[in-house]
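# Structural overview
One-letter residues, chain by chain:
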Amino acid sequence: MIALLAVALITLLAAIVPGPDFAMVTRNSYLHGRRAGLLAALGIALGVQVHVFYTMFGVGLIIASSPALFTVIKTVGAVYLIVIGWKTWSNRAGLVIDLHGGTRVPRHKILLNGLLTNALNPKTTLFVISTYTQVVQPGTPLSVQFGYGLCMSAIHLTWFALVAIFFSQANFRLRMIKHQRTIDRLIGTLLMALGVLLACANMDKL
């Protein structure tokens, strides 16, 4: 239960940080309507699963071959959370969303673009790997590991569906972008705190 809560919290923090996925959902919602934004959100959630599947396979191999190496990787993953927390906290670049060129786009293409946005996003790759290495232990059932992945996708879908519904409206979108610096600092602080706690716990096991 604690591991699932950790996955949910880390995933939520990572999803809220404005990035290419946020820009894509907002742009599609603004230019093509709410349904397009929801399709983009679904694509982003499916993109998370791409990383989940190969991470589960890789983590399983590492656990089987070298438990000690797995513990080291867990520590590196925790340190990575601290690094992205710091980068989020210190981010000074504002999010730019291109709201021009409103040519009608087929629905299947919007879904595919959403999937590729996360499937090809290095930040999502490292986030999924680092999170999985924190919560998966030797002997963790595959059903539980799949559950973690579904939790990650469900949170991405829920958040970006809300973005599609609410933040596609000009006043909500502009308000979030206006306060992006404050949001980044809050999320960055929480990520760094989680990373430090996890790193300390892993160091005790070395």
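As shown above, the structure is provided for reference.
Analysis parameters
Residues numbered from 1 in each chain as written. Predicted model: local features only at pLDDT ≥ 70, side-chain atom pairs only at ≥ 80, totals over all residues. Heavy atoms only, no water. Helix = DSSP H or I, 4+ residues; strand = E, 2+ residues; numbered from the N terminus. Buried < 20%, exposed > 50% of the residue type's maximum accessible area, 1.4 Å probe, protein only. Contact = heavy atoms within 4.5 Å. Areas by Shrake-Rupley, 256 points an atom, 1.4 Å probe, with all protein chains shown as cover. Patch = residues over 30% accessible without salt bridge, like charges linked within 9 Å, V, L, I, M, F, W, Y side chains within 5 Å. Salt bridge = Lys/Arg side-chain N within 4 Å of Asp/Glu carboxyl O. Expected span 1.5 Å × (residues − 1). Core = buried A, V, L, I, M, F, W, Y, C linked by side-chain atoms within 4.5 Å. Polar contact = N/O pair within 3.5 Å; in protein donor to acceptor, adjacent residues only side chain to side chain. Phe/Tyr/Trp six-rings, centres within 6.5 Å; stacked < 30°, edge-to-face > 60°. Lys NZ or Arg CZ within 6 Å of the ring centre and 35° of its normal. Axes fitted to C-alpha atoms, helices over the stretch in contact; angles between N-to-C directions. Parallel < 35°, antiparallel > 145°, perpendicular 65-115°, else oblique. Left-handed = near helix turned anticlockwise from the far one by under 90°. Nonpolar A, V, L, I, M, F, W, Y, C, P; charged D, E, K, R; others polar.

### Structural notes on the overall build of the chain
Scanning the chain for helices and strands turns up 9 helices and 0 strands. N-terminal to C-terminal, the α/β element order of the chain is α-α-α-α-α-α-α-α-α. Burial statistics for the chain: of 206 residues in total, 45% are counted as buried. In the chain, the proportion of contacts linking residues at least 24 apart, taken out of those at least 6 apart, comes to 88%. For the chain, the accessible area works out to roughly 10500 Å², and carbon and sulfur atoms hold 73% of it.

### Some points on a nonpolar patch on the surface
Together, M1, L4 and L5 make up a nonpolar patch on the protein surface, roughly 340 Å² of accessible area in all. Mapped onto the fold, L4 is located in helix α1 (residues 2-16).

### Digging into helix α2 (residues 20-32)
An α-helical turn contains 3.6 residues, so a residue and the one three or four places further along point in the same direction. Helix length check: α2 (13 residues) gives 17 Å between terminal C-alpha atoms against 18 Å at 1.5 Å per residue, within 8%. Among the residues of α2, D21, F22, A23, M24, V25, T26, N28, S29 and H32 are the ones counted as buried. Of the residues flanking the end of α2, it is G33, one or two places downstream, whose phi is positive at about 100°.

### A few points about the nonpolar core
Among the nonpolar cores identified, the biggest contains 21 residues, and V7, V52, V128, Y132, V136, Y148 and M152 are the most heavily contacted of them. The set of elements that each furnish at least two residues to this core consists of α1, α3 (34-65), α4 (67-89), α6 (122-135), α7 (142-167) and α9 (180-205).

### A short note on the side chain of T133
Position of T133 relative to the elements: it lies in helix α6. Only 2.9 Å separates the side chain of T133 from the backbone oxygen of S130, close enough to count as a polar contact.

### Looking at the packing of aromatic side chains
Here the distance between the centres and the angle between the planes together describe a pair of aromatic rings. Counted by the stated rule, this structure contains 3 aromatic pairs. Judged by centre distance (6.3 Å) and plane angle (80°), the ring pair of Y132 and Y148 falls under edge-to-face. Taken together, the residues span a long stretch of sequence, with Y132 in helix α6 and Y148 in helix α7 at a distance of 16 residues. Taken individually, Y132 and Y148 each receive the classification buried, so the pair is uniform in this respect. Note that R185 overlies the ring of W89, its terminal NZ or CZ placed 4.5 Å from the centroid.

### Overview of the side chain of Q145
Note on placement: Q145 falls in helix α7. Residue classification places Q145 among the buried positions, given a relative accessible area of 8%. The contacts of Q145, once residues within four sequence positions are left out, are M56, Y132, V136 and T140.

### Focus on the environment of T124
With respect to the helices and strands, T124 occurs in helix α6. Taking relative accessible area as the criterion, T124 reaches 7% and is therefore assigned buried. Here T124 is in contact with H51 and N118, once residues within four sequence places are set aside.

### As for the packing of α2 against helix α5 (residues 107-119)
Running from amino to carboxyl end, α2 crosses α5 at an angle of 165°, the nearest separation of the two axes being 9 Å. By the criterion of interaxial angle, the relationship of α2 to α5 is roughly antiparallel. The two elements α2 and α5 cross, and the hand of that crossing is right-handed. Across the interface between the two elements, P20, D21, M24, N28 and H32 from α2 touch I110, N113, G114, T117 and N118 from α5. Its residues assigned to classes, the contact of α2 with α5 shows 3 nonpolar, 6 polar and 1 charged.

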